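If you want the building blocks of each chain, they are given just below.
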Amino acid sequence: MHAERVGIGRGFDRVGDPPHDVLVEAARNGDQAAFARLVAIHQHNVFTLALRLVADRELAADITQNALLRAWRAMPTFRGEARFSTWLHRITVNTAYSTRRRWRRGETANLECAAEIVDGSAGPERLGISSALHGQLHAALLGLCETRRSVIVLKDIYEWSHPEIAEHLGISVTAAKVRLHRARKQLRQLLAAAVDPSAGENP
Amino acid sequence: MNSRAMLRDVRCAVALAKFPGSGRLRWLRTHRARCLPCQAEQARRRKLQRQMHDLAEVTVPAPTGLATDVVYRLDRHRIEAVRREGSDSTGWMVAAAAAAGCAMALALARRALSAV
């Protein structure tokens, strides 16, 4: 089983807690208290990923709850081939997409990026980011449509491979690469426009 | 735009696109080594990649009470599961008792009929 990274501020290994791997093993064997501790540890990471995917705090909170419940149900199947956090991320991405699909069932969802209206003006506050260092980047990410944003978030932030992204988003590897290329290009344009508003007029 | 400038733009675009196997092209390597705008653009892209990578360390705090809600829902699911199991086993017991009662009633009725 992969050893989980331990970091300050990540909530790992609180004083008196058993090591992370022990918690995972106990949860796998049906120990609900151990899983509750894992929930406390990983909730922020799961919420952050969900928020980056859907850019809506309420929806992200719903996705986080559902993803963690799904994780509990799937715990016996966790074999430790990947890190626990990576496994949780995969569940979160799947949950985000199924929740999003349910959410949009009543709407006439247009999956074409060009037609999707994205309100990037709301700024990083919508993502709960207050750090000035990352604020501009987050605001630019919000300016991307959801299909492009999800690919760039999973590849450039969470370092997923193209085949993994393709599998989880239900697209081909080539489509994932094309989306990533377009997302990076648009992100550069949005960042350039944020610095110099005249630069973003002709994307 | 003259043809030389156009060719330079095309070379810059090709150099920045990083097509697979383009590293083996000598003219492209030479261009990358000499073209300052290309190098500046590459540096900007690398910086953006680094910043994106750094975002992995930035965590947005989950809403207060989210973990408690999850644990509460887990508890509720468990209680419901136990209750379902309990009601299932009670149902079996009732069904078994009813079946035994019916069998006994039938046996008694048969005995009564045969006595008549």
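Residues numbered from 1 in each chain as written. Chains lettered and ligands numbered in written order. Predicted model: local features only at pLDDT ≥ 70, side-chain atom pairs only at ≥ 80, totals over all residues.

**Student:** Please clarify how the overall build of chain B should be interpreted in this entry.
**Tutor:** On a plain count of helices and strands, chain B comes out with 4 helices and 0 strands. Counting helices and strands in the order they occur from the N terminus, chain B gives α-α-α-α. By the burial criterion, 8% of the 116 residues in chain B qualify as buried. (Helix = DSSP H or I, 4+ residues; strand = E, 2+ residues; numbered from the N terminus. Buried ≥ 20, exposed ≤ 12 C-beta atoms within 10 Å, placed from the backbone.)

**Student:** Sorry if this is basic, but what is going on with the overall build of chain A here?
**Tutor:** A count of helices and strands for chain A gives 8 helices and 0 strands. Going from the N terminus to the C terminus, chain A shows its helices and strands as α-α-α-α-α-α-α-α. Classification of the 203 residues of chain A by burial places 37% in the buried group. Of all intrachain contacts in chain A linking residues separated by at least 6 positions in sequence, the fraction that spans at least 24 positions is 55%. (Contact = placed C-beta atoms within 7 Å.)

**Student:** What's the story with helix α6 (residues 146-157) of chain A in this structure? I'm lost.
**Tutor:** Within an α-helix, residues lying three or four positions from one another point in the same direction, as the helix has 3.6 residues per turn. Residues and elements named next belong to chain A. Here α6 contains 12 residues, and its C-alpha end-to-end distance of 15 Å stays within 8% of the 16 Å for a straight helix at 1.5 Å per residue. With respect to burial, α6 is a largely interior element, 10 of its 12 residues being buried. Where α6 ends, the next residue or the one after it, E159, has phi of about 55°, a positive value. (Expected span 1.5 Å × (residues − 1).)

**Student:** What am I meant to see in the interface of chain A and chain B here?
**Tutor:** Accessible area lost upon the coming together of the parts serves often as the stated size of an interface. Between chain A and chain B, the residue contacts involve 26 residues of the former and 21 residues of the latter. The set of elements that each furnish at least two residues to the side of chain A that touches chain B consists of α2 (32-54), α3 (57-74), α5 (132-143) and α6 of chain A. With 10 residues, the top contributor of residues to the side of chain A that touches chain B is α2 of chain A.

**Student:** What should I look at first to understand the confidence of the model for chain B in this one?
**Tutor:** One rule of thumb: low pLDDT means the predicted coordinates there are not for detailed reading. Residues and elements named next belong to chain B. Confidence along chain B averages 79 in pLDDT terms, with 82% of residues attaining 70 or more. For chain B, per-element mean pLDDT is lowest for helix α4 (residues 66-115), which scores 74, and highest for helix α3 (residues 36-54), which scores 89. Across the interface, the model reports ipTM at 0.71; the global pTM reads 0.72. (pLDDT = per-residue confidence, 0-100.)

**Student:** In this structure, what is going on with the packing of helix α7 (residues 162-169) of chain A against helix α8 (residues 173-195) of chain A? I would like to understand it.
**Tutor:** Packed helices, taken two at a time, are described by the angle their axes make and the gap between the axes. Residue and element names in this part refer to chain A. Taken N-terminus to C-terminus, the directions of α7 and α8 make an angle of 105°; their axes are 8 Å apart at the nearest point. Judged on the interaxial angle alone, α8 and α7 are roughly perpendicular. Across the interface between the two elements, H162, P163, I165, A166 and L169 from α7 touch V173, A175, A176 and K177 from α8. Tallied by class, residues from the contact of α7 with α8 come to 7 nonpolar, 1 polar and 1 charged. (Axes fitted to C-alpha atoms, helices over the stretch in contact; angles between N-to-C directions. Parallel < 35°, antiparallel > 145°, perpendicular 65-115°, else oblique. Nonpolar A, V, L, I, M, F, W, Y, C, P; charged D, E, K, R; others polar.)

**Student:** Hey, could you run me through the nonpolar core in this one?
**Tutor:** Nonpolar side chains in soluble globular proteins generally cluster together in the buried interior. Core analysis: the largest hydrophobic core is formed by 55 residues, its most contacted members being F35, L38, F47, A50, V54 and L187 of chain A. Contributing elements (two or more residues each) for this core: α1 (20-28), α2, α3, α4 (84-104), α5, α6 and α8 of chain A together with α4 of chain B. It is α2 of chain A that provides the largest number of residues to this core, a total of 13 residues. What F35 of chain A contacts, discounting residues up to four positions off in sequence, is A27, W72 and M75 of chain A. (Core = buried A, V, L, I, M, F, W, Y, C linked by C-beta atoms within 7 Å.)

**Student:** What exactly am I supposed to notice about the confidence of the model for chain A here?
**Tutor:** Across chain A, pLDDT averages 79, with 73% of residues at or above 70. Throughout residues 114-122 of chain A the model reports pLDDT below 50, and contacts reaching past four residues in sequence, or to other chains, amount to 12 contacts.

**Student:** In this structure, what is going on with the environment of A26 of chain A? I would like to understand it.
**Tutor:** All names here are of chain A. Along the chain, A26 falls in helix α1. Looking at A26, the number of C-beta atoms within 10 Å reads 18, which means it is partly exposed. Placed 49 residues apart in sequence, A26 and M75 show a C-alpha to C-alpha distance of 9.9 Å.

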